[in-house]
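Each chain, written out:
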Amino acid sequence: MSYSDILVIAMGLTAVMILGVSILMLKVIKFYVKESVHPTPFPSPEEKARQEIALEQALALKRLKPSIWSKIMGLKPISEEKDLVMEHEFDGIAELNNPTPAWFMVLFYGTIFFALVYMFNYEVLGWGQNQEQEYDTEIEQAALAKEAFLLKPGNAKNAVNENNIEQSKDEAVIKNGAALFQNRCTPCHGEHGQGIVGPNLTDAYWLHGGTVKDIFKTIKYGVPEKGMIAWEKSLSAQQIADLTNYILSLQGSNPAGAKAPQGEKQP
Ligand code: HEC
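Numbers given for residues are sequential positions, taken from 1 along each chain in its written order. The model is predicted, so local features are restricted to residues of pLDDT at least 70 and side-chain atom pairs to those at 80 or more, both for listing and for counting; the totals for chains, interfaces and linings are taken over all residues.

Helix and strand definitions here come from DSSP, where helices need a minimum of 4 consecutive H or I residues and strands a minimum of 2 consecutive E residues; each element is numbered from the N-terminal end. When helices and strands are counted, the chain shows ten helices and four strands. A radius of gyration in this sense is built from C-alpha atoms; the matching globule rule multiplies 2.2 Å by the number of residues raised to 0.38. Taking 18 Å as the expected radius of gyration for a compact globule of 267 residues, we find that the chain reaches 45 Å, considerably beyond that expectation. Dimensions of the chain, computed from C-alpha atoms along their principal axes, come out at roughly 125 × 80 × 35 Å. Counting other C-beta atoms within 10 Å of each residue's C-beta, where C-beta atoms are placed from the backbone, gives the exposure class: buried for 20 or more, exposed for 12 or fewer, partly exposed between. A buried classification covers 14% of the 267 residues belonging to the chain.

Written as structure tokens, this is what we have:
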């Protein structure tokens, strides 16, 4: 807001104030002139008493009128109770003719109607999806979206993925993979991939498949329930690909202290 804007607003407010004061002044002058020409006589004591009674009656009437709240809710004020008592009476207990307000009955029958529609929609006719079906649909959609995402060309971060990886025997790639293998994988798979807690990676036996794609997938998503970490969180797709190629390069290296084969033999 600029300085001139503030000035315009301030002047506008001042004008409104001056207008208000002028109107007030005019009213005062008018009243003064009227009282000087025809002065109002002071009320006599009887007149005063009459005015007081009229005021009290008006107040009492107001008290009898139901409040806005009672009107909206369709409630009867307690003062009307004597008009609602019905003829019969038992042991001094009387019944009031005070039916439940219509809005409440609409709500009540509304919930029953809603329950019927709900039951037919989800359980009988099966038009709507219940939570389990909704969950399945969402998982299906997510799987499709993931596939589409992985297949997207030019997606730099996912340039390599389990669908398009090819084995590479490039020395630089394998050296890179070997460097990544140190410290990260050696605690469980051994210095030379011979296997410690994790399986031997140098033989032809695989728990989760021995193709490039299989190995890439195992490293990427891990086997969390068996203690193999999902490395996609800490390594890039390219790094996982390099590791995969390094592991494939170890095939048949037969290191000392190799762990017994696990899984199925794959060519
Ligand atoms: C905390 C220990 C641990 C670490 C660290 C670890 N792994 Fe594993 N890895 C395992 C275990 C345990 C398995 C076997 C899972 C099973 O039994 O299904 C395994 C399985 C594998 C397999 C599949 C073997 C097969 O027979 O199918 C590959 C490939 C693999 N790991 C690669 C790696 C690579 C690469 C790294 C480093 C980036 C790594 N692992 C780090 C514990 C580990």
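Two strands are counted as paired when DSSP detects at least two bridges linking them. Across three bridges, the pairing between strand 1 (residues 85-90) and strand 2 (residues 93-96) is antiparallel. In the sheet register, Phe90 faces strand 2, and the bridge partner there is Ile93.

When a strand is regular, its side chains alternate between the sheet's two faces. Across the six residues of strand 1, zero count as buried, placing the element largely on the outside. Joining the antiparallel neighbours strand 1 and strand 2 is a turn of two residues, in which Asp91 adopts a positive phi near 50°.

The subject of this paragraph is the UniProt feature "transmembrane region" (unreviewed entry) in the chain. As annotated by UniProt and renumbered to match this structure, "transmembrane region" (unreviewed entry) occupies residues 6-26 and 102-120. Helix and strand shares over residues 102-120 are 100% and 0% respectively, and the end C-alpha atoms of the span are 27 Å apart. UniProt positions are given in the numbering used here, feature names are shortened, and annotations may be inferred rather than shown by experiment.

With numbering aligned to this structure, UniProt lists the feature "domain: Cytochrome c" (unreviewed entry) at residues 172-251. Here residues 172-251 is 50% helix and 2% strand, with 18 Å between the C-alpha atoms at its ends.

All right, on to the packing of helix 7 (residues 171-184) against helix 10 (residues 237-249) then. To characterise two packed helices, one gives the angle between the axes of the helices and the distance between these axes. As a packed pair, helix 7 and helix 10 sit with axes 7 Å apart at the nearest point and diverge in direction by 100°. It follows that helix 7 is roughly perpendicular to helix 10 by the angle criterion. Contacts from Val173, Ile174, Asn176, Gly177, Ala178, Leu180 and Phe181 of helix 7 reach helix 10 at Gln239, Asp242, Leu243, Asn245, Tyr246 and Ser249. Each axis is a line fitted through C-alpha atoms, taken for helices only over the stretch in contact, and angles between the N-to-C directions span 0 to 180 degrees. If an angle is under 35 degrees, it is roughly parallel; if it is over 145, roughly antiparallel; if it lies from 65 to 115, roughly perpendicular; otherwise it is oblique. The contact criterion used is a C-beta to C-beta distance within 7 Å, with each C-beta placed from the backbone.

With that settled, the discussion passes to the environment of Asn200. Within the secondary structure, Asn200 sits in the loop between helix 8 (186-189) and strand 3 (205-206). A residue is classified by how many C-beta atoms lie within 10 Å of it, and Asn200, with 25 of them, is buried. Once the C-alpha coordinates of Asn200 and Gln262 are considered, the two residues, 62 residues apart in sequence, prove to be 7.6 Å apart. In contact with Asn200, other than residues within four places in its own chain, are Gln194, Gly195, Ala258, Lys259 and Pro261.

With that settled, the discussion passes to the environment of Lys169. By the element assignment, Lys169 lies in the loop between helix 6 (131-151) and helix 7. A C-alpha to C-alpha distance of 7.1 Å links Lys169 and Asn245, two positions 76 residues apart in sequence.

Running from N to C, helix 9 (residues 212-221) and helix 10 point in directions that differ by 125°, and their axes come no closer than 9 Å. For the element pair helix 9 / helix 10, the angle class is oblique. Considering only the axes of helix 9 and helix 10, their crossing is right-handed. Of the residues in helix 10, those in contact with Val212, Ile215, Phe216, Ile219 and Lys220 of helix 9 are Ile240, Ala241, Leu243, Thr244, Ile247 and Leu248. Note that Gly is not counted as nonpolar here; it falls among the polar residues with everything else outside the nonpolar set of Ala, Val, Leu, Ile, Met, Phe, Trp, Tyr, Cys and Pro and the charged set of Asp, Glu, Lys and Arg. Split by residue class, the contact of helix 9 with helix 10 holds nine nonpolar, one polar and one charged. Crossing handedness follows the turn of the near helix against the far one: under a right angle anticlockwise gives a left-handed crossing, and clockwise gives a right-handed one.

With that settled, the discussion passes to the site of the ligand. Near the ligand you find 25 residues, and of these Cys185, Cys188, Gly198, Leu207 and Met228 are the closest. Those elements that place two or more of their residues in the shell around the ligand are helix 8, helix 9 and helix 10. Within the shell around the ligand, the residues separate by chemical class into 16 nonpolar, seven polar and two charged. The criterion for a residue being near a molecule or strand is simple: its C-beta atom, placed using the backbone, must lie within 6 Å of it.

Our next topic: helix 10. In this model helix 10 runs 18 Å from its N-terminal to its C-terminal C-alpha over 13 residues, within 8% of the 18 Å that 1.5 Å per residue would give. Looking only at helix 10, the buried set comprises Ala237, Ile240, Ala241, Asp242, Leu243, Thr244, Asn245, Tyr246, Ile247 and Ser249. Summarising the contacts, the buried residues of helix 10 are in contact with helix 7 and helix 9. The length a helix should cover is 1.5 Å for every residue beyond the first.

As a further point, take helix 5 (residues 102-124). With 23 residues, helix 5 should reach 33 Å at 1.5 Å per residue; the first-to-last C-alpha distance of 31 Å fits that figure. Where burial is concerned, little of helix 5 is hidden: zero out of the 23 residues are buried. After helix 5 finishes, the residue Gly126 shows a positive phi value of roughly 70°.

A set of buried Ala, Val, Leu, Ile, Met, Phe, Trp, Tyr and Cys residues, joined through C-beta atoms within 7 Å, is what we mean by a nonpolar core. Among the nonpolar cores identified, the biggest contains 14 residues, and Phe216, Ile219, Ile240, Ala241, Leu243, Tyr246 and Ile247 are the most heavily contacted of them. For this core, the secondary structure elements donating two or more residues are helix 9 and helix 10. Take this core: its biggest share by element is six residues, from helix 10. Residue contacts for Tyr246: discarding those within four places in its chain leaves Ile174, Gly177, Ala178 and Phe181.

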